[in-house]
Amino acid sequence: MASFPVKLLLGPTLRIITWILYIITLVVAYGGYFNPEWFTLPAIGVLFFPYFSMTTLVVAVAWLIRRRYIIGCIGIGVLMACGPTFSAALPFRFSNRAADEGRTFKMITFNCLHMQDTKNPDAPLNRSLHFLIHSGADFICLQELYGVGKPEIPDTYISQIDSLRDVYPYQSVDWSREVEFLSKHPFIPKTIELSNDMTYGSAAAYELDIDGENLTVINVHLPSYLLSEEERNIITEAKNREGVKNSIKEFEGSIYTKMKNAFAMRAKVSEAIAEYAQGVNGNVIVCGDFNDVPGSWAYRNFTKRGFEDAYAMTGFGHLITYNQHLMWFHIDQILYKGELMPLYVTKERMNSSDHYPIVAEFEFL
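Cut-offs applied
Residues numbered from 1 in each chain as written. Predicted model: local features only at pLDDT ≥ 70, side-chain atom pairs only at ≥ 80, totals over all residues. Heavy atoms only, no water. Helix = DSSP H or I, 4+ residues; strand = E, 2+ residues; numbered from the N terminus. Expected span 1.5 Å × (residues − 1). Buried < 20%, exposed > 50% of the residue type's maximum accessible area, 1.4 Å probe, protein only. Arc of directions from axis to C-beta. Contact = heavy atoms within 4.5 Å. Core = buried A, V, L, I, M, F, W, Y, C linked by side-chain atoms within 4.5 Å. Lys, Arg positive; Asp, Glu negative; His and termini not counted. Salt bridge = Lys/Arg side-chain N within 4 Å of Asp/Glu carboxyl O. Polar contact = N/O pair within 3.5 Å; in protein donor to acceptor, adjacent residues only side chain to side chain.

The next thing to look at is helix α3 (residues 49-65). Helix length check: α3, at 17 residues, gives a terminal C-alpha distance of 24 Å against a target of 24 Å (1.5 Å per residue), a fit within 8%. All buried positions along α3 are accounted for by F49, P50, S53, T56, A60 and W63. Seen along its axis, α3 keeps its buried residues to an arc of 155°; they face one direction. Counted as exposed and oriented over 90 degrees from the buried face of α3: V58 and I65. Just downstream of α3, R67 is the residue with a positive phi angle, here 65°.

Listed below in structure tokens is the structure:
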């Protein structure tokens, strides 16, 4: 007899939970349409959109399997209503094949965390340097690096540094930007003039000639959240009831304030860089550590100005580019405009840094 009320309440309870899930999924899908300078919570919500949408898909299919067609179809409709955010964050595309192999180029963007190996700091071989040396890329955009050499990189890896210089003889060296550029092709550094007299150190532009084709590359590292190691660990520490309570308390304090400031700063900086990039003629690639996800306000500042997302055009499913503290987000982007076609975008499963290296290949059309 005791089980009867439970069975009676189970169906309505599941429906209520499902409706809440559907509503949250739809709301966070459009979180990037709210300027985070005015309202921060939607910007935080869009970070988690892939996980809400995947849960919505599973729940909707489960309802359909149970022959509850109306609520199941509504879930599918919710995902369709998520529109551009869904197609950017969870694309269902495949790699393209080059029409002319002689007109392709390969690139890498990588937040290399000052070439420190977070898992093997004292190893005789630096995994990040080894990967870059043997990557076969035409050019490499690095973030969080003051320079390829001393004193940034220890003498232990001097032979690898020399090898990297042999493979990529053309390099930018600018301690003030904390973004570096390595290339097999000669390039001309370009001065970035941002609107509204804004100055921002972590962005640089380079003009290359790749086998007679012109290409401008803009290497960016948008403002981060500046969270301490303890603050970053609030998710991994939420393993029990007490941990969850402490994490929520921590989030409501210093973490939320830092995130609010970071989102607001990123909104201004991304808009200024996007305006500059829009004014560059010809083929342009904007890449780097955006510290924000597809569908966010910072991301949309570029896409609404005509830039396409290389991963959204060639990828399948959720791409995770940050690999620590259970913050599994897609925050490293490769955007482009001009007579270019992306062939593929993949991540190198190497956890020497807190970001994975992102590898892409394009074809000049």
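Still more to cover.
A separate point is the side chain of T40. As for its position among the elements, T40 is in the loop between α1 (3-29) and α2 (41-47). For T40, a relative accessible area of 3% translates into the label buried. Apart from residues lying up to four places away in sequence, T40 is in contact with Y256, K260 and F263.

So, about the nonpolar core. Counting residues in each nonpolar core, the largest one holds 26 residues, and the members touching the most others are F105, F139, L215, V217, I285, I334 and F362. Sequence-distant contacts of L215, defined by excluding residues within four places in its chain, comprise F105, F139, Y206, E207, L208, I210, N283, V284, I285, L340 and F364. If you look at the next biggest cluster of nonpolar residues, it comprises 23 residues, including A203, V269, A274 and F307.

Now for the side chain of D309. If you trace the backbone, D309 turns up in strand β9 (residues 308-309). For the buried D309, no salt bridge is present, and the opposite-charge side chain at shortest range is R93, 10 Å distant. A polar contact of 2.7 Å, which involves the side chain of D309, links it to the side chain of Y299. A polar contact is formed between the side chain of D309 and the backbone nitrogen of Y311, at a distance of 2.9 Å. Among residues more than four places away in sequence, those in contact with D309 are A88, P294, Y299, Q333, I334, L335 and Y336.

Right, let's talk about the environment of W175 for a bit. With respect to the element layout, W175 can be found in the loop between β3 (170-171) and β4 (179-183). Given a relative accessible area of 44%, W175 falls into the partly exposed group. Expressed as a C-alpha distance, the spacing of W175 and D117, which sit 58 residues apart in the sequence, is 21 Å. What W175 contacts, discounting residues up to four positions off in sequence, is Y146, K150 and P151.

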